[in-house]
Amino acid sequence: NQITLSVVLTSLALGTIFTVSSSHWFLAWMGLEINTLAIIPIMTQHKHPRAIEASTKYFLTQAAASALLLFSSLNNAWLTGEWSIMDLTNPLSCTTMTVAICMKLGLAPFHFWLPEVLQGINLTTGLILSTWQKLAPMAILYQIAPTLNTPLLLALGLVSTLVGGWGGLNQTQLRKIMAFSSIAHLGWMVSILPFSPQLMILNLTIYLIMTSTMFLMLKTISSTKISSLATSWSKTPTTTALSLLTLLSLGGLPPLSGFVPKWFILQELTNQNTTILATTLALSALLSLFFYLRLTYI
């Protein structure tokens, strides 16, 4: 009913606000837990076996990531006596914290839950999962960026862009394609985070806008498969044309807006003498662009 829905949505908003605005590890962890518990009823509102399976997978993954995050903060507090988010100085805690947040976000190689979960829920819940649920973990990453393990972050970012590109090639379900698109975009954000957190924020903002647009358009034309997207042209030509432009922007095709963060990221990585990483990221973007172009042609 409406009261339950309002309570759940309020908890979802408050959980993210708690995490984004807190400077204490325990409060940040509590906000993430509220966030996880609030979205489970939204995922299971349609009593379907796929929805129950998706919510169970999501809950187990998020619970494991939260336990690892709490362990990292406890270990850091035990050794340094500090609970502040900015004082993450223990190397073991930095590494385990990076792994925990990457599990929460769905970065490769901890990405296995994301395509399955997105496929099992409806487009509205998929929109929340792909946009709002990324804000709290990304806020923590942004705050602890100076203390993180840079080689580990770069490796995770590179693997995520490659997995996001390869994984979307043979998909026919639009929600799975959006999931692999999310993995690839998160890889770009994590790759630039150690060098320029401001560029990560720019990339995240543009990603959120484009992904929200895409999910809302898919909901408008009631399309979840490539085949149904192909037949929507005759029903809603304007919306379909705009969705194709959004897809090309997600792929990073110039002169669309999705090209701007990729351009800046490649420029910054080249300035930081990581030319090989920049080249590999640029080549992996071609994989993503291929399946976006395939959708556009259809």
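Computed from a prediction, not measured in an experiment: that's the story for all the values here.

Undergrad: Explanation requested: the nonpolar core in the structure shown.
TA: Among soluble globular proteins, nonpolar side chains are generally buried collectively. One finds W25, L69, I101, M138, I140, L141 and I144 to be the most contacted residues of the largest nonpolar core, which totals 41 residues. Among the secondary structure elements, those contributing two or more residues to this core are α2 (25-43), α4 (91-105), α7 (132-143), α8 (150-167), α9 (174-192), α10 (197-220), α13 (259-271) and α14 (275-297). It is α4 that contributes the most residues to this core, six residues altogether. Two domains share this core, each providing at least three of its residues, namely domain 1 (1-125) and domain 2 (149-297). Not counting residues within four places of it along the chain, the set of residues in contact with W25 comprises L69, S73, W83, S84, I85, L88, M97, I140 and I144.

Undergrad: Which parts of the structure should I look at to understand the pattern of salt bridges?
TA: Pairing is possible between side chains that carry opposite charge, provided their charged atoms lie close to one another. For the structure shown, the criterion picks out three salt bridges. Residue K57 pairs with E53 through a salt bridge whose shortest N-O separation is 2.9 Å. Within this pair, K57 and its partner E53 are both found in helix α3 (residues 49-80), separated by four residues, close to a single helical turn. In this structure K57 comes out as partly exposed when scored by relative accessible area, which is 29%. Residue E116 is joined to K57 by a salt bridge in which the shortest nitrogen-to-oxygen separation is 3.9 Å. You can see E116 sitting in helix α5 (residues 113-120) and its partner K57 sitting in helix α3, a full 59 residues away along the chain. In this structure E116 comes out as partly exposed when scored by relative accessible area, which is 30%. Taken together, the salt bridges that share partners define one network made up of E53, K57, E116 and K176.

What counts, and where the lines are drawn
Residues numbered from 1 in each chain as written. Predicted model: local features only at pLDDT ≥ 70, side-chain atom pairs only at ≥ 80, totals over all residues. Heavy atoms only, no water. Core = buried A, V, L, I, M, F, W, Y, C linked by side-chain atoms within 4.5 Å. Buried < 20%, exposed > 50% of the residue type's maximum accessible area, 1.4 Å probe, protein only. Helix = DSSP H or I, 4+ residues; strand = E, 2+ residues; numbered from the N terminus. Domains from an automatic or database assignment. Contact = heavy atoms within 4.5 Å. Salt bridge = Lys/Arg side-chain N within 4 Å of Asp/Glu carboxyl O.

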